[in-house]
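Observations on the three-dimensional arrangement
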Amino acid sequence: MRGFLRWLIDRPPLMLLLVASIVFAGVYALWHLPVDLFPNLDLPVVNIVTHYPGAAPEDMELLVTRPIEDEMRGLPGVKRVASVSVQGISKVTVEFGPGISVREARELVQARLARTAGLLPRGAVPRLENIGTTLQEVLGYVVYGSKDLVELRNLIRFTLTNRLMGIPGVSSVEVFGGDRRAFIIRVRPEALARLGLGISDLELALRRHNASEVAGFLTRGGREYVIRGDARLQTIEDLKNLYLKSADGEAVPLSAVAEVFEGVAPKHYEVRGDGQPAVAFYVRKQPGASSIEVARAVENAVEEFKALLPPGTKIKKFYDQSEIIKEARETISSDLLLGAALAVTVLYLFIGTMRPTLIVAATIPLTLLVTLVLMKILGLSLNVITFSALTLAVGMIVDDAIVVTENVSRHLEMGKASPEAALAGTVEITPPDAAGTFTTVAAFLPLALVTGIAGLFLRPFGLVVSLALLVSLILSLSLVPVLLGNMPPVREPLRPPAGRLLTGLRGLLSRVLSYSLDHPRKVIVLSMGGLTLAGLSVFLGSAKLLPPVDEGAILVEYIMPPGTSLRESNRIGEELVRLAMTDPDVACVYRRTGSPEVGYQIEGVNRGEIMIKLKPKGERYRGVEEIMADLKRAYARFPGVVFLYHQPTQEKMDESLSGLPALFGVTVYGEDLDTLAYLAGKVEEIMDEDPAITNVVNPLKTRRPQIVVRLRYPDLARFGVSLEEVFSTLRATFGGLEATRIVRQREEIDVLLEFDWPEAFGLKRLALLPIRTAKGELVPLRKVADIRVEYLPGEITRLNGEREVTLLAEVEGNLFKVASSLKRRLAALSLPRGYRVEVTGQYKVLKRSLWEMMFILSGAIIFVYLILFAEFKSWKRPLVILTTAPFSLVGAILALWITRQGLNISVAMGVLTLIGICVNNAIVLLDFAEQKIREGMDRKEALIEAAQTRLRPILLTSLTTIFALIPTALGLGAGAEYFRGFAIAVIGGLVTATLVSFILVPCIEVFGSTS
């Protein structure tokens, strides 16, 4: 070590060349690192959506959902299989565990899905939707103002989508809303009956005529011609000129029995932008793509596309994930620079000369640049987690350089020449300096064994901090002594600006420590009492996976009783939008009621979502919490409507990590739907008794009314009526019967058959609906079927092959306390055999993450102890040093309680960091005291001497870290909420750890030796 250092000190140009290389490589890495919101959270989740129009939820469950579920549950690596069956739609969600990539998950599901081809009903074709999590949705736009919603939808679907799909990093573009072109054939039933034809005959004729076929090949000389027969329908005129064959063989044009015109296909959902009919689209990115780069390219493409829009058309952005990332990046970058400036200022105040200060300051950018290079090599991205790590690193990476610089400065003050002082000071301080760094790195080693959600967030954090610390250690033991060793000699004693303060602190510390060492038992007892009281405050705060953040957008879900019509749901939705748009801080409002035919949403028309895009923070008067509170007050006037309030990205995180779009839920498992509905009602009553639980949503509380037409087979045979004729007649009467589909260029046009009845059919007239028999006669529907109204569940949900119903709710206050109280009351519920109740939602994720954190902290303490044992060759002294760990946690908890910060992943990162850094001060102190004891000094005197001598480096290392984090702890910038809890926890923990290192650790050392 000594020989290598001397060799480096004698060759400063070599070190300058290395610095230049670091700068070049670091800047390159900074430009090319992907930027994202979170680390790689592309969880392998696949949705299988199957449409089977007309099937009731129970039929969808039996015929579609269960066969798909049974196949998926046998896949290797499957963690969870959940399903929802609603009217005509089934969605099966397959979630894989760690070790399966998104691409592998898709391939596994596709391969197994092929085996269901013969098991599903005819016409039920499953497809894969929403590969990965909804966090891949980076942008959402709404387009409105055009009178022709068909052309507007086609323009976006074909022209804009093609442009967006050509952008690197874009995975898919989902377009919904607007209208689809359709050719409507409005049939006069009496005219069709005169021909002796039924609606099914007309449907069959249209399908047969819309065909093409390759007949063969014709060879002439050296050329070959394909002979193709083409009878495909193309235009309205083609349909009008189509001839039907009556029952007696007469050819009759279609126009003789029906009116043919161009219209729009019926849809059972609604999309609005600022209250007007609209087309909306979401852009999803590929896993690993940079959200900011994708968003920037999409915005440029949309800006160019605006020139193609019809006059008066507006296009507005209602969701932009990149805004949160950019705000967080800008905030943390400014906090990082300000924190670095504060740390350097503190350094100058205590050292007193500019050159050593600048040398230490130079290690900050150099360490960060090398860390960025290593992140690029390891495939990491810049996100809120790694940004937090780099922010902490600003205060910590100077610790090694400070310790070396302070020790070299002490040797310079002893009169040594610069090269000798640099060499002697560095060699002397290397063991405790390295031990302090290794203990911090060791605290993150258990993260390699964690596979849950905590691991997804904490592993990148621990890796980046560890890399930065190891780089800073190398630079402090190489670059710093080289620069210090080539400084001009000090000609007069140093008089730092904070010298007088330092002298006063030394005197105060000497008196306090002398008294404490004379009464060590009293100090230890008082400290333990404070530890116990502070520990109780953990249970007073709230807990969430992520801290609440002002995303600049609000997502409101509104739920009305099942059976509510689309017209009524639209009326309520428009009122809600109107109230939102009166807020001066609102920029755009997007609303969706019901679910489009494509996509992974399968909500009924009784449910909708409103996305409220707020103005930029600099242009509005209130924060998102205040705006949300005002919305809650305004929407409280709508009785019977349940509202759930989220922020978009937070809701996506909740749904991705827990499978539920809410933080809290209670799930009842069992087989019988009636029993499940009864138990769900009882659970809802219990939840309503707790004032901390609000907005309870019980999916089975109200059943959906259905008119069931039950055919009687003997009567069908007696009258000669086919099933197809009955079903086709019903569809042509009430929804439009799709006879065939015309493909024109890229557009698919439905050909729909509708009956032109003189008056609408209600429930009573439905029984008189005429049905054609095989003889061409008409019989009323009541002759062949029973018609009754039934009330069925709106949806049937299953989890891992078992029926369940989940009641969603919002929780105010401490989540674990509310859950514990609720569990006690649910335990008193009398459950039939085979039924059980569980508290679910993100609560389960938080609970599992808490146990994982306990495992991580335990492992970190063990690793730190082993390193300290190797350093001090003693089993007792590491235990003395580790007493700083619980007291640093006390400081963190108190700081969080004072600032009203809840527990979340950001705080967990701060707590884990404290385990590693809180022992560093005690290491430096006891290492110096041990040297003095070996020289023959009394233990108490040695501890007092060590405290006075090491006061400056300990204060410097603690204060530089604290001051570097102060801008982040204040949380003044946009996006700062992600990091504020982390910074507050570290600052609070460092304050108490410093006091404990100076007072409690020496007392325990003395008490242990006398015992």
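Analysis parameters
Residues numbered from 1 in each chain as written. Predicted model: local features only at pLDDT ≥ 70, side-chain atom pairs only at ≥ 80, totals over all residues. Heavy atoms only, no water. Helix = DSSP H or I, 4+ residues; strand = E, 2+ residues; numbered from the N terminus. Buried < 20%, exposed > 50% of the residue type's maximum accessible area, 1.4 Å probe, protein only. Contact = heavy atoms within 4.5 Å. Areas by Shrake-Rupley, 256 points an atom, 1.4 Å probe, with all protein chains shown as cover. Lys, Arg positive; Asp, Glu negative; His and termini not counted. Charge placed at Lys NZ, Arg CZ, Asp CG, Glu CD. Phe/Tyr/Trp six-rings, centres within 6.5 Å; stacked < 30°, edge-to-face > 60°. Lys NZ or Arg CZ within 6 Å of the ring centre and 35° of its normal. Patch = residues over 30% accessible without salt bridge, like charges linked within 9 Å, V, L, I, M, F, W, Y side chains within 5 Å. Salt bridge = Lys/Arg side-chain N within 4 Å of Asp/Glu carboxyl O. Pairing = 2+ DSSP bridges. Axes fitted to C-alpha atoms, helices over the stretch in contact; angles between N-to-C directions. Parallel < 35°, antiparallel > 145°, perpendicular 65-115°, else oblique. Nonpolar A, V, L, I, M, F, W, Y, C, P; charged D, E, K, R; others polar. Polar contact = N/O pair within 3.5 Å; in protein donor to acceptor, adjacent residues only side chain to side chain. Domains from an automatic or database assignment. Expected span 1.5 Å × (residues − 1). Core = buried A, V, L, I, M, F, W, Y, C linked by side-chain atoms within 4.5 Å.

The name given to the chain in an unreviewed UniProt entry is Efflux RND transporter permease subunit, with Thermosulfurimonas dismutans as the source organism.

Here we come to the overall build of the chain. Regarding its fold elements, the chain presents 33 helices and 30 strands. Once the C-alpha set of the chain is aligned to its principal axes, its extents read approximately 125 × 80 × 55 Å. Split into buried and exposed, the 1011 residues of the chain put 57% on the buried side. When contacts within the chain are restricted to residue pairs at least 6 apart in sequence, those whose partners lie at least 24 apart make up 80%. Just so you have it, the chain exposes about 43300 Å², and 58% of that area is on carbon and sulfur atoms. Charged side chains of the chain number 110 positive and 105 negative; the gap between the two group centres comes to 2 Å.

A few words now on the packing of aromatic side chains. Evaluated as defined, the whole model comprises 10 aromatic pairs. Both rings, one in Phe461 and one in Phe982, keep their centres 5.6 Å apart while their planes meet at 80°; by these two values the pair is edge-to-face. Taken together, the residues span a long stretch of sequence, with Phe461 in helix α14 (residues 453-476) and Phe982 in helix α33 (residues 977-1010) at a distance of 521 residues. Grouping residues by exposure puts Phe461 and Phe982 together as buried. When the ring centre of Tyr269 is taken as reference, the NZ or CZ atom of Lys267 above it lies at 5.8 Å. Over the ring of Tyr669 we find Arg836; its NZ or CZ atom is 4.0 Å from the centre of that ring.

Taken together, the side chains of Phe4, Trp7, Leu14 and Leu17 define a hydrophobic patch exposed on the protein surface, amounting to about 420 Å² of accessible area. Of all the elements in the fold, those that place two or more residues in the nonpolar patch are α1 (2-9) and α2 (12-32). Here Leu17 lies in helix α2.

This part covers unusual backbone geometry. You will see that Asn695, though not glycine, has its phi angle at about 50°, which is positive. Its location among the elements puts Asn695 in strand β21 (residues 693-697). On the basis of relative accessibility, which here comes to 29%, the residue Asn695 falls in the partly exposed class. Although it is not a glycine, Asn800 sits at a positive phi angle of roughly 50°. Summarising the element assignment, Asn800 is placed in the loop between β28 (795-799) and β29 (802-811). Residue classification places Asn800 among the partly exposed residues on the basis of a relative accessible area of 36%.

So, on to the pairing of strand β16 (residues 553-559). In terms of burial, β16 is a largely internal element, seven of the seven residues being buried. The alternating pattern of β16 places Ala553, Leu555, Glu557 and Ile559 and Ile554, Val556 and Tyr558 on opposite faces, both of which are buried. Bridge analysis of β16 against strand β18 (residues 607-614) gives seven bridges, and the strand direction is antiparallel. Residue pairing for β18: Ile554 is matched across the bridge by Ile612. In terms of strand pairing, β16 meets strand β19 (residues 642-646) through five bridges, oriented antiparallel. Within β19, the residue paired with Ile559 across the bridge is Val642.

Closest axis-to-axis distance for the helix α16 (residues 499-518)/helix α32 (residues 951-970) pair is 11 Å, and the angle between their directions is 110°. The angle between α16 and α32 places the two elements in the roughly perpendicular class. Touching Leu502, Leu505, Arg506 and Leu509 of α16 are Leu951, Arg952 and Leu955, all from α32. A breakdown of the residues in the contact of α16 with α32 according to their chemical character gives five nonpolar, no polar and two charged.

Turning our eyes to something else, we now look at the pattern of salt bridges. Pairing is possible between side chains that carry opposite charge, provided their charged atoms lie close to one another. Using the criterion set out here, one finds 55 salt bridges in the structure. Residue Glu747 is joined to Arg181 by a salt bridge in which the shortest nitrogen-to-oxygen separation is 2.9 Å. One end of the pair, Glu747, is in strand β24 (residues 747-755); the other, Arg181, is in strand β7 (residues 181-187), with 566 residues separating them in the sequence. The class of Arg181 is buried, set by a relative accessible area of 10%.

Turning next to the side chain of Ser381. Residue position: Ser381 is located in the loop between α11 (354-378) and α12 (384-413). The class for Ser381 is buried, based on a relative accessible area of 14%. Within the structure, Ser381 has its side chain in polar contact with the side chain of Asn383 (distance 2.9 Å). Once you skip the residues sitting within four places of it in the chain, Ser381 turns out to touch Pro34, Asp36, Phe38, Met375 and Thr386.

Here the chain is partitioned into domain 1 (1-32 + 353-487), domain 2 (38-132), domain 3 (181-212 + 227-264 + 705-793), domain 4 (498-540 + 874-1010) and domain 5 (553-704 + 796-837). One C-alpha centre belongs to domain 3, the other to domain 4, and the line joining them spans 82 Å.

Burial of β7 is extensive: six of the seven residues sit out of reach of the surface. Bridge analysis of β7 against strand β12 (residues 258-264) gives seven bridges, and the strand direction is antiparallel. Residue pairing in the sheet places Phe183 in a bridge with Glu262 of β12. Two elements, β7 and β24, share six bridges in a ladder whose sense is parallel. Along β24, the bridge assignment pairs Val187 with Phe755.

Right, let's get into the packing of helix α7 (residues 199-209) against helix α23 (residues 723-734). Packing of α7 against α23 leaves a shortest axis separation of 8 Å and a crossing angle of 85°. If you check the angle between α7 and α23, you find them roughly perpendicular. Of the residues in α23, those in contact with Ile199, Ser200 and Glu203 of α7 are Glu725, Ser728, Thr729 and Ala732. Grouping the amino acids of the contact of α7 with α23 by side-chain chemistry returns two nonpolar, three polar and two charged.

Right, let's get into helix α10 (residues 321-351). In a regular helix each residue adds 1.5 Å, so 31 residues correspond to 45 Å; α10 covers 45 Å between its end C-alpha atoms and thus fits that length. Positive phi appears at Gly352, one or two residues downstream of α10, with a value of about 95°.

Attention shifts here to the nonpolar core. In terms of nonpolar packing, the biggest core is built from 143 residues, with Leu372, Leu382, Phe461 and Ile881 touching the most fellow members. Here the element with the most residues in this core is α33; it accounts for 17 residues. Residues lining this core come from more than one domain, with at least three contributed by each of domain 1 (1-32 + 353-487) and domain 4 (498-540 + 874-1010). When neighbours within four sequence positions are excluded, Ile881 is seen to be in contact with Leu868, Phe872, Val919, Ala922, Ile923 and Leu926. Formed by 43 residues, the second largest nonpolar core is a distinct cluster that contains Val187, Val252, Leu711 and Ala785.

This next bit is on the side chain of Thr363. Within the secondary structure, Thr363 is located in helix α11. Note on Thr363: relative accessible area 2%, which makes it buried. Excluding its chain neighbours within four sequence positions, the residues that come into contact with Thr363 are Ile397, Val398, Ala401, Leu475 and Val480.

Spatially, four strands are ordered β12-β7-β24-β23 in an open sheet, and the strand pairing comes out mixed. Each having just a single partner strand, β12 and β23 (737-744) make up the two edges of the open sheet. Taking each pair of neighbouring strands and ignoring which way they run, the sheet shows an average axis angle of 25°. Along the sheet, α7 contacts β7, β23 and β24; its crossing angle with β23, the most-contacted strand, is approximately 15°. Helix-sheet contacts for α23 involve β23 and β24, and the interaxial angle to β24 is about 100°.

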